[in-house]
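# Topology and contacts: notes
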Amino acid sequence: MNKKKFKKDNKDFMVLSAICILFVVDAHSGGGFKILNNLFPYDSFFMPAFVFISGYFYKFPSSFVGCITFFRRKIKTLLMPFYKYNFGITLLWFIPVLLINKSLLGTNSLSKDSFTSFHSIFDLLYNKLIVVPFSYGTPFDLISPAWFLISLFGTIIGYTVIKAVLNLITLKNNAVLLIFLSSLGLMAVWLSKLGYSNKVELLLILKIMFFLPFFYLGDFISSLDREGRLSESNYKKMAIISIIVNFILLFFYSPREISFSSLAFMQSFKSIPMFIPFVTAITGIFFYLYVSKLIAKIAGENYWLNLLSENTLTILCLHMFCFNIVNLIFSILSDRLSILRGFNKELFFSSAWYIYTPSVGFCFLYFIVGVFVPLLYVLLKENLSIALKN
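Residues numbered from 1 in each chain as written. Predicted model: local features only at pLDDT ≥ 70, side-chain atom pairs only at ≥ 80, totals over all residues. Heavy atoms only, no water.

### Some points on unusual backbone geometry
Even without being glycine, Lys 34 reaches a positive phi, approximately 50 degrees. Note that Lys 34 resides in the loop between helix 1 (11-28) and helix 2 (46-56). Although it is not a glycine, Ser 109 adopts a positive phi angle of roughly 55 degrees. Tracing the chain through its elements places Ser 109 in the loop between helix 3 (64-99) and helix 4 (118-131). (Helix = DSSP H or I, 4+ residues; strand = E, 2+ residues; numbered from the N terminus.)

This is the structure in structure tokens:
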């Protein structure tokens, strides 16, 4: 097992991506751990951190043909998994819907009315295939965290096009790119605060605008690292500054106010100045990047840490589905076990985001299932593939 060759050679960023996906699952499972969550709220930085990581490993295609190849690769690695998981899990969910309770349709944001006629089925497919993916990004509730894949795809394409245009007009200055993309990010928050995020046709554009500065930051930090201009002491200083900045911010805002839990809908910016999301995201990124560097020195070759990092996309897409397998079991046993008597079937039948947490132990259960069941799926798939080849 330990001889498996992992793709990620940069162990610092391998650990950072593992930390971020663990925080995503912890946040969605009720926050049983909440590691430093009052100082660096999860929702204030972990999605921008994934964009930052992607930007760090970005390589600008040097030709038109290179761009086409690059875009095709991103379609394969981001868009195809988005649709594969959304429709694969939805079809799988029809098994308990048909065998146990048709009300389970509501858990996955569907209803019986969607299947009453050819016209209703056509409307359903049009919305789930085109409208929702390229706006909210959440066509089916069970895989709703996968909204990020569409936004990341749009961010990468947008960044590539912007860089290509600037190169074409011979504006390759980093300062120009920084000012332009930062302006787009600030404008995204400002427009969202004004209510433009309620317009379906603008929502994906606003998310891309918001993420572009973080993608640039990752690309810029990568160039500094390649040139040897950043030492570990520099990263340590940035981490210390990040702690001080967030400490000061928390004199004026609560952790909840600097948490942006609705980035899929760009709805969490109303009570804060429009620059705050960028400050808290950057502080969170640099603090945990330094923490990752420290962990990588000790456990950079750890099998499970590498496995976790290499499968962040799978965990992102499947952990909510895994939570609801737990909910499905709870709903069946709730009439028989006193510890499950408080399980709310009505809420379960209406949303995949319902979790039953009468005590913190249940948060830990959801967390463990949300992390390890997707990893088990990956390992089973790999072993099956090896068995079939042999």
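### Considering the packing of aromatic side chains
All chains considered together, the criterion is met by 48 aromatic pairs. Centroid distance Phe 23 to Tyr 42: 4.4 Å. Interplanar angle 15 degrees. Geometry classified as stacked. Within this pair, whereas Phe 23 is found in helix 1, its partner Tyr 42 is found in the loop between helix 1 and helix 2, the two being separated by 19 residues in sequence. Its relative accessible area of 6% is what places Phe 23 among the buried residues. Ring geometry for Phe 330 and Tyr 356: centres 6.2 Å apart, planes at 80 degrees, overall edge-to-face. Here the residue Phe 330 occupies a position in helix 11 (residues 312-333), and Tyr 356 occupies one in the loop between helix 12 (345-348) and helix 13 (360-389), the gap between them amounting to 26 residues. On the accessibility criterion, Tyr 356 (7% relative accessible area) is buried. In this structure an aromatic cluster arises from ring pairing among Phe 50, Trp 147, Phe 148, Phe 210, Phe 211, Phe 214, Phe 260, Phe 269 and Phe 278. (Phe/Tyr/Trp six-rings, centres within 6.5 Å; stacked < 30°, edge-to-face > 60°. Buried < 20%, exposed > 50% of the residue type's maximum accessible area, 1.4 Å probe, protein only.)

### Points about the environment of Asn 306
As for its position among the elements, Asn 306 is in helix 10 (residues 303-310). For Asn 306 and Asp 9, which are 297 residues apart along the polypeptide, the C-alpha to C-alpha distance reads 9.8 Å. Among the polar contacts listed, one links the side chain of Asn 306 to the backbone oxygen of Gly 300, at a separation of 3.0 Å. (Polar contact = N/O pair within 3.5 Å; in protein donor to acceptor, adjacent residues only side chain to side chain.)

### What about the side chain of Ser 334?
The topology assignment puts Ser 334 in the loop between helix 11 and helix 12. Ser 334 gets classed as buried once you look at its relative accessible area, which sits at 4%. One polar contact links the side chain of Ser 334 to the main-chain carbonyl oxygen of Ser 331, over a distance of 3.1 Å. What Ser 334 contacts, discounting residues up to four positions off in sequence, is Leu 340, Arg 341, Phe 343 and Lys 345. (Contact = heavy atoms within 4.5 Å.)

### Focus on helix 11
A rise of 1.5 Å per residue sets the reference length of helix 11, with its 22 residues, at 32 Å; its end C-alpha atoms lie 31 Å apart and thus fit the reference within 8%. Maximal helix bending in helix 11 amounts to about 45 degrees, located at Leu 318. (Expected span 1.5 Å × (residues − 1). Bend = angle between axes of the 7 residues up to and from the residue.)

### Points about the packing of helix 5 (residues 147-168) against helix 6 (residues 174-193)
To describe two helices that pack against each other, one gives the angle between their axes and the distance between the axes. The geometry of helix 5 relative to helix 6 is characterised by a closest axis approach of 12 Å and an angle of 140 degrees between their N-to-C directions. Taken together, the axes of helix 5 and helix 6 lie oblique to each other. Relative to helix 6, helix 5 is oriented so that their crossing is right-handed. Each of Tyr 159, Ile 162, Lys 163 and Leu 166 in helix 5 lies in contact with helix 6, whose residues at this interface are Leu 177, Phe 180, Leu 181 and Leu 184. Across the contact of helix 5 with helix 6, the residue classes break down as 7 nonpolar, no polar and 1 charged. (Axes fitted to C-alpha atoms, helices over the stretch in contact; angles between N-to-C directions. Parallel < 35°, antiparallel > 145°, perpendicular 65-115°, else oblique. Left-handed = near helix turned anticlockwise from the far one by under 90°. Nonpolar A, V, L, I, M, F, W, Y, C, P; charged D, E, K, R; others polar.)

### Considerations on the confidence of the model for the protein
Across the protein, pLDDT averages 92, with 97% of residues at or above 70. By mean pLDDT, helix 4 is the weakest element of the protein at 85, and helix 11 is the strongest at 97. (pLDDT = per-residue confidence, 0-100.)

### Examining the environment of Ser 331
As for its placement among the helices and strands, Ser 331 is situated in helix 11. Along the chain, Ser 331 and Phe 348 lie 17 residues apart, while their C-alpha atoms are 8.3 Å from each other. Sequence-distant contacts of Ser 331, defined by excluding residues within four places in its chain, comprise Phe 343, Lys 345 and Phe 348. Polar side-chain contacts of Ser 331 include one of 2.7 Å to the backbone oxygen of Leu 328.

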